[in-house]
There are 2 protein chains.
Amino acid sequence: MRILVIGGVAAGGSAATKARRTNEDAEIVLFERGSYVSFANCGLPYYIGGVIEDRDELLLVTPELFKSRFNIDVRINTEVTDIDPVGKTITVKNARGESREPYDKLIIATGGRPLELPIKGREKDGVYNVFTVPDADRIVSRLELGMKTAVVVGGGFIGLESAENLRARGLSVTVVEKAPQIMSNMDEEFSHILIRELDGMGISVITGTGVTEITGGDKADGVVLDDGRTLPADLVILAAGVRGSTELAEKAGCRLGETRGVWVDANMCTSVPDIYAAGDIVESVHLVSGKKVRIPLAGSANKQGRVAGANAAGGNLQFKGVLGTAILKVGGLTAARTGLNDREARQLGRDYECLYVPGFSNATYYPDAAPMLLKLTVEKQTGLLLGAQAIGRKGIDKRIDVLATAIYGHMTVFDLENLDLAYAPPYASAKDPVIMGGMIAANSIRGEMDYCLPQQLPEIAKNPNAVILDVRTREEWDAGHVDGAVLLPVDELRDRYTELDAGKDYYVYCGVGYRAYNACLFLKSKGYRVRNVSGGMRAISLNV
Amino acid sequence: MRILVIGGVAAGGSAATKARRTNEDAEIVLFERGSYVSFANCGLPYYIGGVIEDRDELLLVTPELFKSRFNIDVRINTEVTDIDPVGKTITVKNARGESREPYDKLIIATGGRPLELPIKGREKDGVYNVFTVPDADRIVSRLELGMKTAVVVGGGFIGLESAENLRARGLSVTVVEKAPQIMSNMDEEFSHILIRELDGMGISVITGTGVTEITGGDKADGVVLDDGRTLPADLVILAAGVRGSTELAEKAGCRLGETRGVWVDANMCTSVPDIYAAGDIVESVHLVSGKKVRIPLAGSANKQGRVAGANAAGGNLQFKGVLGTAILKVGGLTAARTGLNDREARQLGRDYECLYVPGFSNATYYPDAAPMLLKLTVEKQTGLLLGAQAIGRKGIDKRIDVLATAIYGHMTVFDLENLDLAYAPPYASAKDPVIMGGMIAANSIRGEMDYCLPQQLPEIAKNPNAVILDVRTREEWDAGHVDGAVLLPVDELRDRYTELDAGKDYYVYCGVGYRAYNACLFLKSKGYRVRNVSGGMRAISLNV
């Protein structure tokens, strides 16, 4: 049996080694267009910033190790230019010329390539992607010449990680993002929080704006924005996203799916016999929506490659699907998401609500407890957890992983409120934010508490019958409150509630929603119409 | 409606406030024997150590706040001495005398009290529990006199947290534990790792030994062990566990369950009409075994109290059960567990296997990646995840919470290997230890790899037909290896395997099990009988 693998980074590398473990007798050859296999592409921004000091750390598995440990023949600097699915051969091209290689099973893991933006001057020196080891090498060499200013085009993972790392090198950095927000896979308010953090790090962010041109002679010296403004830039990073390299799979006749990614079944089989595909080129089932999606991330690529490799070699594994779980470090902040966010749930026409859950990383009486803000997407009626987003300075990765696991397990908010999570003061609160989120959402689904979102307050304030009621203390009020709100501290409410007009609609907030919850229940019992402003001042001010 | 709550710490406090939120019109009275309600008992060791500097931080909710915010009448220093479930009254006693209080609904949350050990001299000055705020006050006052030596009796949560915090105050500390191991809710090897860590902190641990006497005049000056040894001790902490205070519930006629905890249904109703119970006195359903268990922890107490309070006041909530999830900080180490450990699964007669999963907190090429060791308990045939234990210096709380969530959701190891967890280099590896654990266990359940545990190696070594094979490099071998093992590096295996005798049984290990996995599959394909030593050198040496 001869198994050929095209592409040697995450999916391809996993596929080849799993194929070997599944079948010792197969001949396995891996073809990689670039000079490196199995490199840590997620580490590249951190190598540029000097956080990862040793370049060798990026090279996880060398061709020599593929040979000695796995008996896999790796051919780097070798491009596969064509596939003949009938004759079952591929055409390969390298410095020594072109040749044909027969296969019994073929695994296509050609990955992606950076989106090429229509920007004039992008061929100039000083303009780079952050996609391969040579890209990083070029940037590091360039930095050693003493760059002062950088523009990063694109405010996604790679863009923001690159911006942070260039800033760490002392450059003055501006991120320019065409979309109205950065981190477009999260809801808009998280973008605001991240932009504020970036600002505090000395990184400017310009959203809703494209780059039309890179100025300078041979060397870049600035960019022109689509609103005519110019920015100085010794260094320009193009990080506007990744496009799956599906061309080769298409040449082989592999059907593309509705997302224009390569269609595969759960066994990672394409529509063409004996051809498998994995990684950034394929579309996957979204485990919440049931729809096909393309989310090019390393975790899925590794798992898909393993499944493709096993099955190509005679095994029987399945890849079940994705939740779009993702996480980003920006300075001291961590932002993460899983499942469906507000926008996605709305676009899918789900009957859902979103709720904020302010919490702390651990017991507040224990040192270094850090605030966080969760946002849950919950199906009405059933209470099924559809998605979660989180931001804060500590413990975000834990909460998003717990929530991703709960979503994978089709859990409801009634399950969340019953989870038995690990509690000791250094790690959590007795009611962990995840459990608290379950309780808050369950109260809503059970009809015990009605919520509105802080984003609705400006609209609400226009209604003459609406009263925005602050139930915090006078001291908290004095330190800042919602324009047009009225103060009545919760601890005075039982004595003073008759001061309130029962004909009005009350929108009640406090610091994080807990005092407002108690206030709302009291007022409701007295016949008032009330809603709790979800997440309180933490969600209103977006301070975490 | 008049709702009385007996006990005002975790369960009682939650019950009273939830009752209020459920029913604004009820009269709610909370009786607490001590001087404090809703205090942070889990924080007491850290207050003793000065980690929590402000004593007020321990007092989460005061009686005044119960009144102003919740309209709950709190009576501290008031003991409930009897319950008449027919006349529906309780007898209360305080400095002003004895009286009777009628109830419509009664919630018993009397909690626990420290186990009283039969130790002579335990009434002496300098001998303390770490259970209440006054306990902590007494210890802190005592420390200010300049104590030099301490003995902590009991190597569970409170004992070990107290030992660490007394050491932080500069005392010479010895922990004495009657059982053969500390942290008795984890498997024995975790105790070894913790003892090594404690030793590094300058804390001695003596296991399998009881304390028979506390010596000294009015003031303690030492302890006598049951083997006759003596230890100096200016300070003795008794932390041998907690006994549920079920007496009052028993007086009311509440049925005790098979564990001798108060029997309750999912609504936290006892066997006596209109009486609810919650917290350390009740028994709960274990969500894996289905058996009743008593696991007195704050997380469950809070949730149970909330359910009891809601239902007593006319609501309808359920408490679903526990997994025994727990976590402990010892110096820089974190140890945690959930579900069934090896010993529990064996005692329950489950058809299971345990597997080690060495991993890292995050991508190893990113700074500060810390090793960890997971141990999974997995049902054979089905692959159902039954339990997990974990130890390491970073990210342990995350992994145990993810695994606890997976167990709650009845997930199998085939689910674990497919989880979509958040990956970026600062937070995880592309294959998170949890996912890797799923893959390792799934490989075993699918019959692709046979494992043995490192603990079996001494027995295996006695078998003349067994060969323990080290497949690491010569350098790693030279730095330490298993006695009697044979070296054949995995990367030379394909060339040299014929040096091995196909008639022998091979037990193969490497650093963490991955190279051994590859070696085993190769040797198996050549007809050798092989087993992978689960967890490799990390599990053999217990170095994390």
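Just above sits the structure.
Criteria and thresholds
- Residues numbered from 1 in each chain as written.
- Chains lettered and ligands numbered in written order.
- Predicted model: local features only at pLDDT ≥ 70, side-chain atom pairs only at ≥ 80, totals over all residues.
- Heavy atoms only, no water.
- Helix = DSSP H or I, 4+ residues; strand = E, 2+ residues; numbered from the N terminus.
- Expected span 1.5 Å × (residues − 1).
- Buried < 20%, exposed > 50% of the residue type's maximum accessible area, 1.4 Å probe, protein only.
- Pairing = 2+ DSSP bridges.
- Right-handed = clockwise from strand over helix to strand, strands pointing away.
- Least-squares fit on C-alpha atoms with pLDDT ≥ 70 in both.
- Contact = heavy atoms within 4.5 Å.
- Buried area = accessible area lost by both parts, 1.4 Å probe.
- Salt bridge = Lys/Arg side-chain N within 4 Å of Asp/Glu carboxyl O.
- Polar contact = N/O pair within 3.5 Å; in protein donor to acceptor, adjacent residues only side chain to side chain.
- Axes fitted to C-alpha atoms, helices over the stretch in contact; angles between N-to-C directions.
- Left-handed = near helix turned anticlockwise from the far one by under 90°.
- Nonpolar A, V, L, I, M, F, W, Y, C, P; charged D, E, K, R; others polar.

Engineer: Please clarify how helix α5 (residues 157-168) of chain B should be interpreted in this entry.
Structural biologist: The α-helix advances 3.6 residues per turn, and as a result positions three or four apart in sequence lie on the same side. Residue and element names in this part refer to chain B. Compared with the 16 Å implied by 1.5 Å per residue over 12 residues, the 17 Å span of α5 between its first and last C-alpha is a close match. Here α5 has its buried residues at Gly-159, Leu-160, Glu-161, Ser-162, Ala-163, Glu-164, Asn-165 and Leu-166. Positive backbone phi, approximately 95 degrees, marks Gly-170, located one or two places after α5.

Engineer: Is there a simple way to explain the pairing of strand β11 (residues 172-176) of chain B in this structure?
Structural biologist: Within a regular strand, the side chains alternate between the two sheet faces. Residues and elements named next belong to chain B. Taken across its 5 residues, β11 has 4 buried, putting it largely inside the fold. Bridging between strand β10 (residues 149-153) and β11 involves 5 bridges; their strand directions are parallel. If you follow Val-152 over to β11, its bridge partner there is Val-175. Following the backbone out of β10, through α5 and into the adjacent parallel β11, one traces a crossover that is right-handed. Where the polypeptide runs from β11 across helix α6 (residues 188-200) and back to strand β12 (residues 203-206), its parallel neighbour, the crossover connection is right-handed.

Engineer: In this structure, what is going on with the relation of the copies chain B and chain A? I would like to understand it.
Structural biologist: These two copies of the chain differ by a rotation about an axis and a displacement along the same axis. It takes a turn of 180 degrees to lay chain B on chain A, together with a shift of 0.0 Å along the axis; the resulting RMSD is 0.0 Å. Between the two chains, the operation in question is that of a two-fold axis. Residue by residue, 100% of the interface of chain B is reproduced at the interface of chain A, so both copies engage with the same surface.

Engineer: Looking at this structure, how should I read the interface of chain B and chain A?
Structural biologist: Often, the extent of an interface is quoted as the loss of accessible area on bringing the components together. Each partner contributes residues to the interface: chain B has 84 residues there, and chain A has 84 residues. If you sort the residues of chain B by the area they bury against chain A, Arg-69, Tyr-365 and Asp-420 of chain B come out on top, with a joint share of 11%. In this structure, the connection of chain B to chain A is made through 14 salt bridges. A salt bridge links Lys-398 of chain B to Asp-397 of chain A; its shortest N-O distance comes to 2.9 Å. One can count 35 residue pairs in polar contact (both at pLDDT 80 or more) joining chain B with chain A.

Engineer: What's the story with the packing of helix α1 (residues 10-22) of chain A against helix α8 (residues 298-312) of chain A in this structure? I'm lost.
Structural biologist: Packed helices, taken two at a time, are described by their axes: the angle between them and the distance between them. Residue and element names in this part refer to chain A. Two elements in contact, α1 and α8, have axes separated by 7 Å at closest approach and are oriented at 35 degrees. For the element pair α1 and α8, the recorded crossing hand is right-handed. Contacts between α1 and α8 involve Ala-10, Ala-11, Ser-14, Ala-15, Lys-18, Ala-19 and Thr-22 from the former and Ala-301, Asn-302, Gly-305, Arg-306, Gly-309 and Ala-310 from the latter. Its residues assigned to classes, the contact of α1 with α8 shows 6 nonpolar, 5 polar and 2 charged.

On their own, these measurements won't tell you what the molecule is for.
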